Every structure is written in structure tokens, then in C-alpha cells.
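# A look at the structure
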Amino acid sequence: MTSTATVHDKPVVNVSGTVTFNGGGAAVTADSGATVSDVSSSTLASAQVVIGGFFSGDTLTVGSPGGLTPTFSNGTLTLTGPASLATFQTALDTVDYGFTANGDPTGGGSHTSRTLSWSINDGTVGSSTGTSTVDTVHTAPTVVAGGSVNYVAGGSAVALDPGL
């Protein structure tokens, strides 16, 4: 009598590359070329993107969750299904990295990049972890002055630069 063992291959997530986030600017897509595959299943149960070197103010959001439930806590974005590979693919392609408004994503220059670790799970087994990078740049606020005023001694107060 011969027996056959069923092999369940683990799903695969492929990510790579580096994007740059400018503090004070709009969120950036973390990895628009992310791909998922699974030869053993047509659906996935969950996905995670974890910010390595998480810094207070870091955020991850999903532009197209496609019915998945996204949660973000302490540097970890979790997408919960189940859903098709295509739904997870679309959601992961729209993960954006951002930082709290008016904050310095570099923490004074000591946090100039983040490693994002991506993984998926088909409900039976998890994938290996793929990584991509977000470089952070602090864009200091600017002030543009250039108005001129006339002040007469003893006169009323005037605004120094009403266009500031």
C-alpha cells in the first residue's frame, strides 16, 4: 500500500526597492510593485507590513482595502481577509507610508530610514518576509518675507509684512 503526502507550499510575497518620504509632504506608496502568489491556494487569510525602527508618528495606510479589514498599531499594519490573491495584491500595492503632520520623520536626524517587512499567510502557512525601504527626509518649514511698510513716528501701529 502506497501513501501520498500532501504538500502545502507557503505563499510568496515579493517586494523591493526604496522610496523617499519628505516630511511635511503627502504620504508615499511604500512599494507599488509588491506581488503575492500561492501555488497551494487561491486565497489569503492575512498580510502584515511592519515598520522596522518604528518612530512615533510613523503611519501606514491602505488606499484600496477591497473588503479587507486594515488595522495599524505600534508600527504594524495588518490586513485581514479571507480574500483572493488579487484583492491582497491590490491592497498591498496601495500601502502608503506617512508621518504625523508637521512632525520631523527623522527625529532630529537619527531616524533617516525605515525597513518595511512584508509577509502574507494563506491560513495554513506564512510566507517568508520580504523587505523594502523608506528613506525619510526632514523638510524644514520656510518663511518668505518681503513686504515693505511705511511707519510715521507717533502714528498708528502697522503690520510689518501683511503677506507673510
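Since this is a predicted model, take the numbers as computed values, not measurements.

### Considering the side chain of Arg114
- Tracing the sequence through the fold places Arg114 in strand β10 (residues 113-121).
- Of note is the side chain of Arg114, whose polar atom sits 2.6 Å from the backbone oxygen of Pro105.
- A polar contact of 3.4 Å, which involves the side chain of Arg114, links it to the side chain of Thr136.
- With residues up to four places along the chain from it excluded, the contact list for Arg114 reads Ile51, Gly52, Gly53, Phe55, Asp58, Tyr97, Phe99, Pro105, Ser132, Thr133, Val134 and Thr136.

### Some thoughts on the pairing of strand β9 (residues 95-99)
- Within β9, five of the five residues are buried, leaving the element largely enclosed by the surrounding structure.
- Residues of β9 alternate between two faces, with Val95, Tyr97 and Phe99 on one and Asp96 and Gly98 on the opposite face, all of them buried.
- Both strand β6 (residues 58-62) and β9 contribute to a ladder of five bridges, which runs antiparallel. Paired with Thr59 across the strands is Gly98, a residue of β9.

### Looking at the pairing of strand β5 (residues 43-52)
- One ladder, built from seven bridges, connects β5 with strand β8 (residues 76-84); its direction is antiparallel. Bridge pairing in β8 places Thr43 opposite Ser84.
- In the sheet, β5 pairs with β10 via seven bridges, with the strands oriented antiparallel. Paired with Gly52 across the strands is Thr115, a residue of β10.

### A few points about the packing of aromatic side chains
- Scanning the model with the defined rule gives three aromatic pairs in all.
- Measuring from ring centre to ring centre gives 5.3 Å for Phe21 and Tyr97, while their planes differ by 85 degrees; the resulting arrangement is edge-to-face. Residue Phe21 is located in strand β2 (residues 18-22), and its partner Tyr97 is located in strand β9; the two are separated by 76 residues in the primary sequence.
- Here Phe54 and Phe72 contribute two aromatic rings whose centre-to-centre distance is 6.5 Å and whose plane-to-plane angle is 65 degrees, an arrangement assigned as edge-to-face. One end of the pair, Phe54, is in the loop between β5 and β6; the other, Phe72, is in strand β7 (residues 69-73), and 18 residues separate them in sequence.
- Take Phe72: its relative accessible area is 30%, and that puts it in the partly exposed class.

Conventions adopted
For every chain, the first residue of its written sequence is number 1, and the numbers climb from 1 along that sequence. Reporting in this predicted model follows two pLDDT cut-offs: at least 70 for local features of residues, and 80 or more for side-chain atom pairs to be given and counted; totals over whole chains, interfaces and linings ignore these cut-offs and use all residues. Just so you know, side-chain values use all the structure's heavy atoms and leave hydrogens and water out. Put simply, DSSP marks the helices as runs of H or I at least four residues long and the strands as runs of E at least two long, and each gets a number from the N terminus on. For the purposes of these results, a polar contact is taken to be a pair of N or O atoms within 3.5 Å, where, inside protein, one atom must be able to donate a hydrogen and its partner to accept one; residues adjacent in sequence count only when each atom of the pair is a side-chain atom. Any pair of residues with heavy atoms lying within 4.5 Å of one another is described as a contacting pair. The cut-offs for exposure are 20% and 50% of the maximum accessible area for each residue type, with area from a 1.4 Å probe on protein chains only; residues under the lower value are buried, those over the upper are exposed, and the others partly exposed. Whether two strands pair comes down to DSSP finding at least two bridges between them. Two aromatic rings from Phe, Tyr or Trp, using only the six-membered ring of Trp, form a pair when their centres are within 6.5 Å; if the ring planes differ by under 30 degrees the pair is stacked, by over 60 it is edge-to-face, and anything between is tilted.

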